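Observations on chain architecture
What follows is each chain in one-letter form.
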Amino acid sequence: MYFSTASLGLSDEQKEFQKVAFDFAANEMAPHMAEWDQKEIFPVETMRKAAQLGFGGIYVQPEVGGSGLSRLDTTLIFEALSTGCVSTTAYISIHNMCAWMIDTFGNTEQRERFCPDLCSMEKFASYCLTEPGVGSDAASLLTTAQRKGDHYVLNGSKAFISGGGDTDVYVVMCRTGGKGAKGISCLVVEKDTPGLSFGKKEKKVGWNSQPTRAVIFEDCAVPVTNRLGEEGQGFNIAMKGLNGGRINIASCSLGAAHASVQLARDHLLVRKQFGETLSNNQFLQFKLAEMATKLVASRLLVREAASALQQNRPDAVALCSMAKLFATDECFNICNQALQMHGGYGYLKDYAVQQFVRDIRVHQILEGTNEVMRMIVSRSLLTES
């Protein structure tokens, strides 16, 4: 059967944790997805249950509490979890990216101090790069961190921060030096640090099971010991985090499309018009075939990018950008077509397909807009020797 293609070519171990993730999505997430969306609930306890399965630090090293899995393993898990709730899984993916950044670029003391609580999701993390006036041109960020003795004093603000105000650890890109990428450093700022505050909770089209707020720094003093890497390495750290983040968010789109194809198929088999089920309409049969084909093509590209990133291949950055561009565009189209197949019912909040459409629309914007993905891919082609 077509839907088994999600596990084709995987090892027995990969099939096992993929099944664990699918089961968790079906039992712990899907029954609550609509309520979390409508009531804007940040499902902390459900995420901590996911962390007990190893999903709080999937590609973090085991010595600091992580699962030590590969990038390919990670995409399998996020696709599966997203069939139960895209919004919650997308936050978990951002949290994982932050934990990985601390594990990879932090020293032994930082890794031991932050990673175990992040991997258990006893504490939650947020990634702070975007600013009110600085989106795609991230290297021009304005938040400053002035060194005064054994602290940096931060001033500025970050925009659209997932988890902002409800999370405990903020991985912040800030300017410690001159203009451009080389003046940026990375600091870990802990909640309750004096001078750290938050804007109002944003009202969003989707992603409603995670709060989004501005993160504001006003003479916020952060110990120098909370800097990841050296001064000037922040932009490099941010981009390396985002390569994985792009695969993660593409994987969340795969899960939404996977679920939406199933919902569309089920609807076509039972909905009758003109005296027969919609499944007998050749136009809709062909549309369903196209949806399934584009889902499998997207999945293969995302998995290839994940393998390239794991192996640190020279084409990894371009492939991550291709995967994010292709999968988030195509999977949105799949979900939107699934809604169309539901007719008027697809526009009702009683039907899950509309939430998949709303939740994955933003995937074409964040972790680098799909326009920026095209820039990265074209640049890599034009500068090849």
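Structural notes, computed from the coordinates. Since the structure is predicted, the reported quantities are computational estimates derived from the model, not experimental observations.

Conventions adopted
- Starting from 1, residues in each chain are numbered consecutively following that chain's sequence as written.
- Local features are withheld for residues below a pLDDT of 70 in this predicted model, meaning they are given only at 70 or higher, and side-chain atom pairs are given and counted only at 80 or more; totals for whole chains, interfaces and linings count all residues.
- Side-chain figures throughout are based on the complete set of non-hydrogen atoms in the structure, without hydrogens or water.
- The criterion for an aromatic pair is that two Phe, Tyr or Trp rings (for Trp, the six-membered ring) have centres within 6.5 Å, with stacked assigned to planes under 30 degrees apart, edge-to-face to planes over 60 apart and tilted to the rest.
- Only protein chains enter the accessibility calculation, which uses a 1.4 Å probe. A residue is then buried if its area is under 20% of the maximum for its type, exposed if over 50%, and partly exposed in between.
- For the purposes of this entry, the term helix denotes a DSSP run of H or I that reaches at least four residues, the term strand denotes a run of E that reaches at least two, and both are numbered from the N terminus.
- Here, a charge over a ring means that NZ of Lys or CZ of Arg falls within 6 Å of the ring centre while also lying within 35 degrees of the ring normal.
- Here a strand pair is declared whenever DSSP counts at least two bridges between the two strands.
- Helix axes use the C-alpha atoms of the stretch in contact, all axes being lines fitted to C-alpha atoms, and the angles between their N-to-C directions lie in the range 0 to 180 degrees.
- Put simply, angles under 35 degrees are roughly parallel, angles over 145 are roughly antiparallel, angles from 65 to 115 are roughly perpendicular, and the rest are oblique.
- Here a crossing is taken to be left-handed if its near helix is turned anticlockwise relative to the far helix by less than a right angle, and right-handed if that turn runs clockwise.
- Basically, the charged four are Asp, Glu, Lys and Arg, the nonpolar ten are Ala, Val, Leu, Ile, Met, Phe, Trp, Tyr, Cys and Pro, and anything else, Gly included, counts as polar.
- The salt bridge definition used is simple: a Lys or Arg side-chain nitrogen within 4 Å of an Asp or Glu carboxyl oxygen.
- Expected span of a helix: the number of residues minus one, times 1.5 Å.
- Think of it as the arc spanned by the lines of direction from the helix axis to the C-beta atoms.
- Whether two residues are in contact is decided by their heavy atoms: any pair within 4.5 Å suffices.
- Two N or O atoms form a polar contact when they lie within 3.5 Å of each other; inside protein one atom must be a possible hydrogen donor and the other a possible acceptor, and for residues adjacent in sequence the pair counts only when both atoms belong to side chains.

Examining the packing of aromatic side chains
Inspection of the entire model under this criterion finds 7 aromatic pairs. Between Trp100 and Phe105, the aromatic rings sit 5.7 Å apart at their centres with planes inclined by 90 degrees, giving edge-to-face as the arrangement. Exposure class is identical for Trp100 and Phe105. Each is buried. Relative to Phe198, the ring of Tyr170 lies with its centre 5.5 Å away and its plane at 40 degrees, an arrangement referred to as tilted. Here Tyr170, found in strand E4 (residues 169-175), pairs with Phe198, found in strand E6 (residues 196-198); they are 28 residues apart in sequence, far enough to count as distant. A relative accessible area of 0% places Tyr170 in the buried class. A relative accessible area of 26% means that Phe198 is categorised as partly exposed. Linked through ring pairs, Phe42, Tyr91 and Phe124 together constitute an aromatic cluster. The ring of Tyr152 has Arg147 lying over it, and the distance from NZ or CZ to the ring centre is 5.8 Å. Here Arg361 stacks its cationic end above the ring of Phe332, 5.7 Å away from the centre of that ring.

So, the pairing of strand E1 (residues 125-128)
Residues in a regular strand point their side chains to alternate faces of the sheet. Residues of E1 alternate between two faces, with Ala125 and Tyr127 on one and Ser126 and Cys128 on the opposite face, all of them buried. The sheet contact formed by E1 and E4 spans 4 bridges and is parallel. Bridging across to E4, Ala125 finds its partner in Val169.

What to know about the packing of helix H8 (residues 282-310) against helix H9 (residues 316-341)
At their nearest, the axes of H8 and H9 sit 8 Å apart, and the two run at 155 degrees to each other. The orientation of H8 relative to H9 falls into the category roughly antiparallel. The two elements H8 and H9 cross, and the hand of that crossing is left-handed. Residues that form the contact of H8 with H9 fall into these classes: 21 nonpolar, 2 polar and 4 charged.

Remarks on the pairing of strand E7 (residues 212-223)
Pairing geometry for strand E3 (residues 151-162) and E7, over 9 bridges, is antiparallel. Each residue of the ladder has a partner; that of Ser162, found in E7, is Thr212. Relative to E7, E6 runs antiparallel, the two being bridged by 3 bridges. The residue bridging Ser197 from the neighbouring strand is Ile216, located in E7.

Focus on the pattern of salt bridges
One pass over the full model with this rule turns up 22 salt bridges. A salt bridge links Glu45 to Arg48; the nearest nitrogen and oxygen atoms lie 3.3 Å apart. Residue Glu45 and its partner Arg48 are located together in helix H3 (residues 44-52), separated by 3 residues, close to a single helical turn. Among the ionic pairs, Glu202 bridges to Lys200, the shortest N-O distance being 3.0 Å. Here the residues in one salt-bridge network are Glu40, Lys201 and Lys203, joined through shared partners.

Let's talk about helix H6 (residues 108-119)
Helix length check: H6 (12 residues) gives 16 Å between terminal C-alpha atoms against 16 Å at 1.5 Å per residue, within 8%. Those residues of H6 not exposed but buried are Gln110, Arg111, Phe114, Cys115, Leu118 and Cys119. Angularly, the buried residues of H6 cover 120 degrees about the axis, an arc narrow enough to put them on a single face. Close packing links the buried residues of H6 with H3, helix H5 (86-105), E1, E4, strand E5 (184-190) and strand E8 (227-228). The N-terminus of H6 is capped by Asn107, whose side-chain oxygen sits 3.2 Å from the backbone nitrogen of Glu109.

Spatial relationships are all this shows, so hold off on functional conclusions.
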